[in-house]
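For reference, the chains in residue letters:
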Amino acid sequence: QILSVERNSQRLAELSLPLPPAERSDGAHEGGWAFLRAALEALAVQAGAEPWTGSSGREELDARRALEVAEQIASCIVVASKAPALQSQLELLSSEPLPTACSEHREVKAMVPAVLQRIELLMKGLPGETSKALSQLMTILRYSDSADASHSTAEN
């Protein structure tokens, strides 16, 4: 289903596996955040948000199909969150990125509150049912987002 929408297929094809840190040049663009960034953006777009990238406009999405795709994307993120690399990234989201952090890290950090809001709106629209994958993703992202809030509160 995800691949049947042309824009989704194109975005999935843009995902990349970064070179190990020791093999990256100083100007390397990819810092290892491509999957999480692309997946969160795709989920938010399926939930009605505008793309963060320079895409021109949004195509009209069938609401039921968009929900199914959003659930599948959420499920992918939840399953991937068990991988050590993604666990590290989710931990890094609990604090402000360092000035030397790659742009994708900063973008993911900025996306989290908006993605959480979109997931909440999606779930409110579900008639009497809840999506396990969306609920689990909300828990994962809220932990990252709330951990940052508790750091800020503790510092003030």
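Up top is the structure.
The structure presented is a predicted model; accordingly, all values stated were derived computationally and were not measured.

**Q** Is there a simple way to explain the overall build of the chain in this structure?
**A** Of the regular secondary structure elements, the chain holds six helices and zero strands. Moving toward the C terminus, one meets the helices and strands of the chain in the order α-α-α-α-α-α. Residues counted as buried form 38% of the 156 residues belonging to the chain. For the chain, the proportion of contacts with a sequence separation of at least 24, taken over those separated by at least 6, is 66%. For the chain, the accessible surface area stands at approximately 9000 Å², while carbon and sulfur atoms represent 55% of it.

**Q** Would you mind showing me how to read the environment of Ala 74 here?
**A** Within the element layout of this structure, Ala 74 appears in helix α3 (residues 63–80). You can call Ala 74 buried: its relative accessible area is 0%. Spatially, the C-alpha atom of Ala 74 lies 5.7 Å from that of Leu 134, the residues being 60 residues apart in sequence. In contact with Ala 74, other than residues within four places in its own chain, are Leu 43, Ala 133, Leu 134 and Leu 137.

Calculation criteria
Sequence order as written defines the numbering, with residues in each chain counted from 1. Local features are withheld for residues below a pLDDT of 70 in this predicted model, meaning they are given only at 70 or higher, and side-chain atom pairs are given and counted only at 80 or more; totals for whole chains, interfaces and linings count all residues. Hydrogen atoms and water are omitted, and side-chain values are computed over all heavy atoms in the structure. Helical segments are the DSSP runs of H or I of at least four residues, strand segments are the runs of E of at least two, and each set is numbered from the N terminus. Type-normalised accessible area, obtained with a 1.4 Å probe on protein chains alone, sets the label of each residue: buried when under 20%, exposed when over 50%, and partly exposed for intermediate values. Contact definition: two residues touch when any of their heavy atoms are within 4.5 Å. Using a 1.4 Å probe, the Shrake-Rupley method yields the accessible areas, and only the shown protein chains count as cover for residues.

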